[in-house]
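Commentary on secondary and tertiary structure
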Amino acid sequence: MGTDAPRSKRHRRFGLAVTVLAVCLSLVLLASGAGVWTVTRSFPTVFGEIALRGLAADVTVYRDEAGIPQIVANTATDLFRAEGYVHAQDRFWEMDFRRHVTSGRLSELFGASQVGTDTFIRTLGWRAVAEQEVAQLDPVTLSYYQAYAEGVNSYLATHEGADLSLEYVALALQNPGYTPEPWTPADSVAWLKAMAWDLRSNLDDEVDRALLAGSFSPDEVAQLHPSYSYADHPTILDGAPPEQAEAAADDGNVSDGQTDGSADGSADGITGEPAQTALASALTGLHGTLAGVPELLGPAGADNELGSNSWVVSGAHTDTGKPILANDPHLGAVMPSVWYQVGLRCRTLSAECPFDLAGYGFSGLPGIIIGHNSRIAWGFTNLGPDVADLYLEKVTGSTYEYDGAQKPLLVRNERIKVAGGDPVKIQIRATEHGPIVSGLDGTAFPGIATEYPSAIDLPDLAVPEAPAAPADPAAAAPAAAPAPEPTSYQLSLQWTALTPGRTASAVFALDAATDWASFRAAAQLFDVPSQNLVYADVDGNVGYQAPGLIPIRRAGDGTVPAPGWTSQYGWTGYIPFEELPQSYNPPAGFIVTANNSPVGPDYPYLITKDWDLGYRATEITKRLQASIDAATPLTTAMMSEIQADTYSPLAAALVPALKKIAPTDKTRAALALFDHWDYHLDADSAAAAYFNIIWRNLLVNMFDGKLPEGTSLTGGDRSFAIVIGLLNTPDSPWWNNDKVGAAGRDSMLKKVVGQAAAEAEKLMGPDVSGWEWGRIHTLEMTHASFGKSGIAPLEWLFNRGPYQVAGGSSVVDAVGWDATAGYAVDWVPSMRQVVSLADWDRSTWLNLTGSSGHAFHPNYDDQTELWQRQETRPWLFSLGAVKAAATNTLVLRPLTRTR
């Protein structure tokens, strides 16, 4: 499975160079009354009155027992000013940390260990693009971001150090002079770039295919990257019957001049050993760089897939006669949860103050991303279009080749401030396509680089060799001509998020939408990241819209790097919004999105070749259709049950083959666990535990050491499809492994059932009846910045768990794990919502952790055990219900008001 470290372990530690004395100090604080005071002093004031500069009138903040704020204001700017204040109360460290990541300034917090990360983020230019987007905002939207920033800064004006958050006490052990700077609108907008990066679709697959192509034939690469099976799995729009879809899939053509000839992994147009050698070297380096960049939405899932489930059912099939909408985005498990629950309500709805909503947002960003208002509800899953392409560039000195001419590189110099060290100057270069991203190996570059580290330096093949020197020295030329500058092959990245877009405005347009037309108008502004949007309204309508900037290519299909020295592979524009997939009140009466293909292969544009392969979508569709066929009205409780579905399609396909293996004395009791197993990955299931140990051993034996460095199979949907596809080819060389004495499918399966039984006994004891999947499939809630510091007291302060959990990769309850690392949970349903359009107060929701970002606060992790048990909380929305459930009420008053 390659030699790279498992993804879940590759996060760059935010390397606190804390001394033994500092560790001892932490322990002393914890053991003393001073420690309790230090821990609790940052807990926010949630009742009474506080004067807040800039308010036009009183703002009321109701909080329930879970600490979830519901904010009520007279004006929109007061509403978002209060939201900024409340976010700072609960989550300012998280906000401050995120803005240092998105601006490439982690070194200011944690020192020289982060120079490599900062270099890469600045090379991409997230912050620069965010500042351009802020400059393009319309006055009303800008006023919202400014009001939000003013609310944050009002909190900073009266809080510092330990009063802000316990993390600043830990930071002060290394970086005692640090003081947070004021918040700005660009700090908020830059977070949208982090969202887009973490949901960047197939960039990792593009790197993987190209690396595989150096070791395998095109057919083998295609086998290791299976295409979407339209015959076996649904599309979101049910675009074509299976038989038509299968025929079209074999056709191999896409309209609009786009071809799929690169899907086999060959780098179309990059020929010759020097270029291919350079490409492999650059890709290997880039793979390492990508692994070190913090993933602010948490570590990506198995086979580098971040997924989600959402579906909506019309009232024709529900118990209330109104739609029900469900959504559970799958993201990495971080502490606190990436999501922040909040309600935002104008006291009187008007054109100037159109907000009356509740849902999930992000600390640091005003508004709500997923939720409902008083008229509509919506959910998101990742569409996953191919919006990022790598190009191999020919760079000579300060120029690069493009269509036969040398063009000057775009160059900018930046300085990285380093806590406890000297500043580091870097030079960032870009071509027609985008920034050069190869050679960023995480090392510090002293001084402004005159030659940025390149992938590999090679002579320019287009330059003829110089003639041999004449034998007679007297006949030599008076002066030798200067040698030509060497040409280096380097990778550039073209990505839709590196162009200023309109997503910062789309958030508010979505929050204020009242019907299908205004919802689609908001979606049209949602440039990046491209998402599947499901919709329902109180009038009974349901719908689906895919928004976003999705490029149209002159040639190639974006699955592998393309030559950058020609315009032949460039982008010609984007798929028109009116031609993006959409559906409104479909005949089936429901819409399911689970990162599967939204359209059939006859769709006239290429969205991507790297869909989630459809296992979750198939199971959700089956569950809904079964209820409809049985004339059983669907309820909100039934939607939650579907979200908790642990059925494993991999087990259903693989266990019948395992049951044919003749048992031995050591495997008989273990194999007997499969006799009556229903293929559900429940936490207390012995069969699930044994099966998943078999699965991990199978992947190791089949692929470990056979795949090139920088590639891996981590056990998700791609791994499923590869192995299931090989079951019918028992003599495939993939089943052979001389090291373990396996030759062929049956030999391999016999080997792994024995290995797995021995491993299970070692992990859980000899009594198979005591084996449980949850004992080894555990979730540790890891603090985003200090959780992997390597300092036990710090990790004890901020991390929580482990929790024993059900689920697995590519099941509906997608509690995924990385088979290259073990069985610990890597990514999860990061929140769950089920929305009733008949009665908002009958809706349910749940966060992964809690509302608070303050360690040891009662709301720091109070929702996690509910999440572990797959339970949800009532989601009260009507103002009367909100007031009745409030355990604390805070009134924010204008600072200048006299009483």
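Since the model is a prediction, treat every value here as computed from it, not as a measurement. (Residues numbered from 1 in each chain as written. Predicted model: local features only at pLDDT ≥ 70, side-chain atom pairs only at ≥ 80, totals over all residues. Heavy atoms only, no water.)

As for the state of the cysteines
Cut-off, in case you're wondering: By definition, disulfides here are pairs of cysteine sulfur atoms that lie within 2.5 Å. The rule is simple: take the accessible area with a 1.4 Å probe, protein chains only, and divide by the maximum for that residue type; under 20% is buried, over 50% is exposed, in between is partly exposed.
All chains considered together, the criterion is met by one disulfide. One disulfide in the model links cysteine 346 with cysteine 353; its S-S distance is 2.0 Å. The S-S bond linking cysteine 346 to cysteine 353 shows a torsion near -85°; that makes this disulfide left-handed. Take cysteine 346 and cysteine 353: they sit in the same class, and that class is buried.

Brief notes about the confidence of the model for the protein chain
What counts, and what does not: Along the chain, pLDDT gives the predictor's confidence residue by residue, from 0 to 100. Contact definition: two residues touch when any of their heavy atoms are within 4.5 Å.
When the pLDDT values of the protein chain are averaged, the result is 88; 86% of them are 70 or greater. A low-confidence stretch, residues 2–22 stays under pLDDT 50, and its non-local contacts, those more than four residues away or across chains, total 61 contacts. Here residues 239–262 is modelled with pLDDT under 50, and outside its nearest four sequence neighbours on either side it reaches 40 contacts, counting other chains as well.

A look at the side chain of arginine 553
What counts here: Starting at the N terminus, helices and strands are each numbered in turn, a helix being any DSSP run of H or I of at least four residues and a strand any DSSP run of E of at least two. Side-chain atoms alone can form a polar contact between residues adjacent in sequence; in general such a contact is a pair of N or O atoms within 3.5 Å, and within protein one must be able to donate a hydrogen while the other accepts it.
Examined against the element boundaries, arginine 553 turns out to sit in strand β20 (residues 551–553). Residue class for arginine 553 comes out buried when judged on its relative accessible area of 2%. Polar side-chain contacts of arginine 553 include one of 2.7 Å to the side chain of aspartate 389.

So, the sheet that holds strand β7 (residues 340–346)
The condition is simple: A pair of strands counts as paired when DSSP detects no fewer than two bridges linking them. An axis is simply a line fitted to the C-alpha atoms; with a helix, the fit covers only the stretch in contact. Between two such axes, the angle follows the N-to-C directions and lies from 0 to 180 degrees.
Across the sheet, which stays open at both edges, the eleven strands sit in the order β1-β32-β2-β3-β7-β8-β9-β10-β18-β19-β23 with mixed pairing between neighbours. The open sheet has two edge strands, β1 (48–52) and β23 (582–584), and neither has a second partner. Neighbour-to-neighbour, the strand axes of the sheet open up by a mean angle of 15°, direction not taken into account. One ladder, built from four bridges, connects strand β8 (residues 356–361) with strand β9 (residues 370–373); its direction is antiparallel. In the strand pairing of β9, leucine 357 is matched with asparagine 373. On the sheet, helix α14 (residues 503–512) packs against β8, β9 and β10 (376–382) and is oriented at approximately 140° with respect to β10. Together, β10, β18 (531–537), β19 (542–545) and β23 form the strand contacts of helix α15 (residues 516–524), whose direction differs from that of β19 by roughly 15°.

What to know about the environment of glutamine 755
Structurally, the position occupied by glutamine 755 is in helix α22 (residues 745–764). In this structure the C-alpha to C-alpha distance between glutamine 755 and threonine 667, which are 88 residues apart in sequence, comes to 9.2 Å. Beyond its immediate chain neighbours, meaning those up to four positions away, glutamine 755 contacts Asn697, Asn701 and Val740. Side chain to side chain, glutamine 755 and asparagine 701 meet in a polar contact 2.6 Å long.

Description of the nonpolar core
Here is the rule: In this description, a nonpolar core means a group of buried Ala, Val, Leu, Ile, Met, Phe, Trp, Tyr and Cys residues linked to one another through side-chain atoms lying within 4.5 Å.
By size, the foremost hydrophobic cluster in this structure holds 170 residues, and its most contacted members are Trp197, Trp495 and Leu892. Residue contributions to this core peak at twelve residues, all from helix α3 (residues 76–102). If near-sequence neighbours (up to four positions away) are discounted, leucine 892 is found in contact with Ile50, Leu52, Leu55, Ala57, Asp58, Val59, Val61, Ala82 and Tyr85. Among the nonpolar cores identified, the runner-up in size contains 61 residues, and Leu212, Met702, Leu727 and Trp734 belong to it.

Focus: the sheet that holds strand β25 (residues 778–783)
Taken together, the three strands give an open sheet; going across it, the order is β6-β25-β26, and neighbouring strands pair in mixed fashion. At either end of the open sheet lies a strand with only one pairing partner, and these are β6 (334–335) and β26 (800–804). Summarising the sheet, β6 and β25 pair through two bridges and their orientation is parallel. Within β25, the position partnered with valine 334 by the bridge is threonine 782.

As for the pairing of strand β15 (residues 424–430)
The buried count for β15 comes to six of seven residues, which makes it a mostly enclosed element. As judged from the seven bridges shared by strand β14 (residues 410–416) and β15, these two strands associate in the antiparallel manner. Bridge pairing in β15 links asparagine 413 to glutamine 427.

Some thoughts on the pattern of salt bridges
Note the cut-off: Throughout this description, the term salt bridge denotes a Lys or Arg side-chain nitrogen within 4 Å of a carboxyl oxygen of Asp or Glu.
All told, the structure shown has 37 salt bridges when counted by the stated rule. The partner of aspartate 96 in a salt bridge is arginine 99, with the nearest N and O atoms 2.9 Å apart. On the criterion of helical spacing, the pair formed by aspartate 96 and arginine 99 is a turn pair, its members being three residues apart in helix α3. The pair formed by aspartate 96 and arginine 99 is uniform in burial state, with each residue classed as buried. Salt-bridge contacts for glutamate 865 lead to arginine 869; the nearest nitrogen and oxygen are separated by 4.0 Å. A residue is classified by how much of its surface remains accessible, and arginine 869, at 45% relative accessible area, is partly exposed. Three or more residues joined by partner-sharing salt bridges are found here, namely Asp96, Arg99, Arg127, Glu131 and Asp187.

Focus: the packing of helix α7 (residues 139–156) against α14
For the record, the criterion: If an angle is under 35 degrees, it is roughly parallel; if it is over 145, roughly antiparallel; if it lies from 65 to 115, roughly perpendicular; otherwise it is oblique. Residues were grouped as follows: Ala, Val, Leu, Ile, Met, Phe, Trp, Tyr, Cys and Pro as nonpolar; Asp, Glu, Lys and Arg as charged; and all remaining residues, including Gly, as polar.
Between α7 and α14, whose axes approach to 10 Å, the crossing angle comes to 90°. Of the possible angle classes, the one that applies to α7 and α14 is roughly perpendicular. Contacts between α7 and α14 involve Thr141, Tyr144 and Tyr145 from the first element and Ala504, Ser505 and Phe508 from the second. By residue class, the composition of the contact of α7 with α14 is four nonpolar, two polar and no charged.

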